[in-house]
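# Descriptive structure summary
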Amino acid sequence: MTARLERMLLSLLAVLAAVYCFYVRSPTELAALLLPIMIHELSHAAALLLLGFRLRGLRLEPQGLCIRYEGSRSDLAHAAASLAGPAGGLLYTALLRSSYIPWLALSADVSLLFSLFNLLPLMPLDGGRAFLILCRAALGAAGEDLFQTVCRVFLALLLLFGVYAAVTNRGSAPLLAALWLLHGQKEQLPLVNQRDLL
């Protein structure tokens, strides 16, 4: 088994175990978790089509679901396609936030957290992709240096917050997220491809 496949399987198993252990108590709660992911990916796909890109497929990567696409458009179009997923999630949150149906209100909360997390300027998140694309477009090689500096600062802050949350019994999710993102930086920073969206 290749190292990439092993990482992908471990990532998938970790996500499924976390969902099962901490969140899923009923089919409606599972739906509350899966709907925000579907809205996120459909928002990316809709933006890509509206911007004139061609969709090539969807596949599971160690970092999550990945939409493959092609087409030559401006840097702004690539950045907009990256940000469409979190934007769709925030719209979904706004529409369902005051729902009287408990599992839909839970789904809105999950969508809010998922969208805000994806807006962080870190790879492989959507905010990181958009920020890097815009930094490269505006500053060239200096933009990549700025991006890497911002990544280091955000990762350090997220790690510190994660350690604080774990030590003060507020949960280990922020620390696990920071470690997952730290791992993702090593593979993603040198190899950013505008033709893949998570």
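The structure presented is a predicted model; accordingly, all values stated were derived computationally and were not measured.

Summing up its helical and strand segments, the protein chain has seven helices and three strands in all. The buried share of the protein chain, taken over its 198 residues, is 37%. Pairs at least 24 residues apart make up 63% of the contacts formed inside the protein chain by residues separated by at least 6 positions. As presented, the protein chain carries roughly 11,100 Å² of accessible surface, and 71% of it is formed by carbon and sulfur atoms.

Moving on to helix H4 (residues 102–118). Taking 1.5 Å per residue, 17 residues should reach 24 Å; H4 reaches 24 Å between its end C-alpha atoms and fits that length. The set of residues buried in H4 consists of Leu104, Ala105, Ser107, Ala108, Val110, Ser111, Ser115 and Asn118. For H4, the elements touching its buried residues are helix H2 (27–50), helix H3 (75–96) and helix H5 (126–139).

Before going further, it helps to spend a moment on the packing of H5 against helix H6 (residues 141–167). Contact geometry for H5 and H6: axes closest at 6 Å, N-to-C directions at 145 degrees. As for how H5 packs across H6, the hand of that crossing is right-handed. Mapping the contact onto sequence places Gly128, Phe131, Leu132, Cys135, Arg136 and Leu139 in H5 and Ala141, Ala142, Gly143, Glu144, Leu146, Phe147 and Val150 in H6. Across the contact of H5 with H6, the residue classes break down as nine nonpolar, two polar and two charged.

Right, let's talk about the nonpolar core for a bit. The biggest cluster of nonpolar side chains holds 11 residues, and these are Leu122, Met123, Leu125, Leu132, Cys135, Phe147, Cys151, Leu155, Leu158, Ala178 and Leu181. Among the secondary structure elements, those contributing two or more residues to this core are H5, H6 and helix H7 (173–188). Sort the elements by how many residues they give to this core and H6 lands first, with four residues.

With that out of the way, let us pick up a nonpolar patch on the surface. A surface patch of nonpolar side chains, amounting to about 290 Å² of accessible area, comprises Leu83, Leu90, Leu116 and Leu119. By secondary structure assignment, the location of Leu116 is in helix H4. Judged by its relative accessible area of 46%, Leu116 is partly exposed.

Moving on: the confidence of the model for the protein chain. Overall, the prediction assigns the protein chain a mean pLDDT of 82, with 79% of residues at 70 or greater. Here strand E3 (residues 196–197) stands out as the element of the protein chain with the lowest mean pLDDT, 56, in contrast to H3, whose mean of 94 is the highest. Note that residues 189–194 has pLDDT below 50 and, in this model, 14 contacts with residues that lie over four places away or in other chains.

So, about the pattern of salt bridges. Applying the stated rule across the entire model yields four salt bridges. A salt bridge links Arg56 to Glu70; the shortest N-O distance between them is 3.7 Å. Placement of the pair is Arg56 in strand E1 (residues 54–61) and Glu70 in strand E2 (residues 64–70), with a sequence separation of 14 residues. Exposure remark for Glu70: the relative accessible area of 29% places this residue in the partly exposed category. Notably, a salt bridge pairs Arg136 with Glu144, separated by 2.9 Å at the nearest N-O pair. The exposure class assigned to Arg136 is partly exposed, which follows from its relative accessible area of 26%. Taken together, the shared-partner salt bridges in this structure form one network comprising Arg54, Arg56 and Glu70.

With that settled, consider the packing of aromatic side chains. How two aromatic rings sit relative to each other is given by the distance of their centres and the angle of their planes. Enumeration according to the criterion identifies three aromatic pairs in this entry. With a centroid separation of 6.4 Å and an interplanar angle of 35 degrees, the aromatic rings of Phe117 and Trp180 are classed as tilted. Highlighted residues: Phe117 in helix H4 and Trp180 in helix H7, separated in sequence by 63 residues. Residue classification places Phe117 among the partly exposed residues on the basis of a relative accessible area of 24%. In this structure Trp180 comes out as partly exposed when scored by relative accessible area, which is 30%. Pairing Phe131 with Phe147 gives two aromatic rings, centres 5.8 Å apart and planes at 45 degrees, and the pair type is tilted. Here the residue Phe131 occupies a position in helix H5, and Phe147 occupies one in helix H6, the gap between them amounting to 16 residues.

What counts, and at which threshold
- Residues numbered from 1 in each chain as written.
- Predicted model: local features only at pLDDT ≥ 70, side-chain atom pairs only at ≥ 80, totals over all residues.
- Heavy atoms only, no water.
- Helix = DSSP H or I, 4+ residues; strand = E, 2+ residues; numbered from the N terminus.
- Buried < 20%, exposed > 50% of the residue type's maximum accessible area, 1.4 Å probe, protein only.
- Contact = heavy atoms within 4.5 Å.
- Areas by Shrake-Rupley, 256 points an atom, 1.4 Å probe, with all protein chains shown as cover.
- Expected span 1.5 Å × (residues − 1).
- Axes fitted to C-alpha atoms, helices over the stretch in contact; angles between N-to-C directions.
- Left-handed = near helix turned anticlockwise from the far one by under 90°.
- Nonpolar A, V, L, I, M, F, W, Y, C, P; charged D, E, K, R; others polar.
- Core = buried A, V, L, I, M, F, W, Y, C linked by side-chain atoms within 4.5 Å.
- Patch = residues over 30% accessible without salt bridge, like charges linked within 9 Å, V, L, I, M, F, W, Y side chains within 5 Å.
- Salt bridge = Lys/Arg side-chain N within 4 Å of Asp/Glu carboxyl O.
- pLDDT = per-residue confidence, 0-100.
- Phe/Tyr/Trp six-rings, centres within 6.5 Å; stacked < 30°, edge-to-face > 60°.

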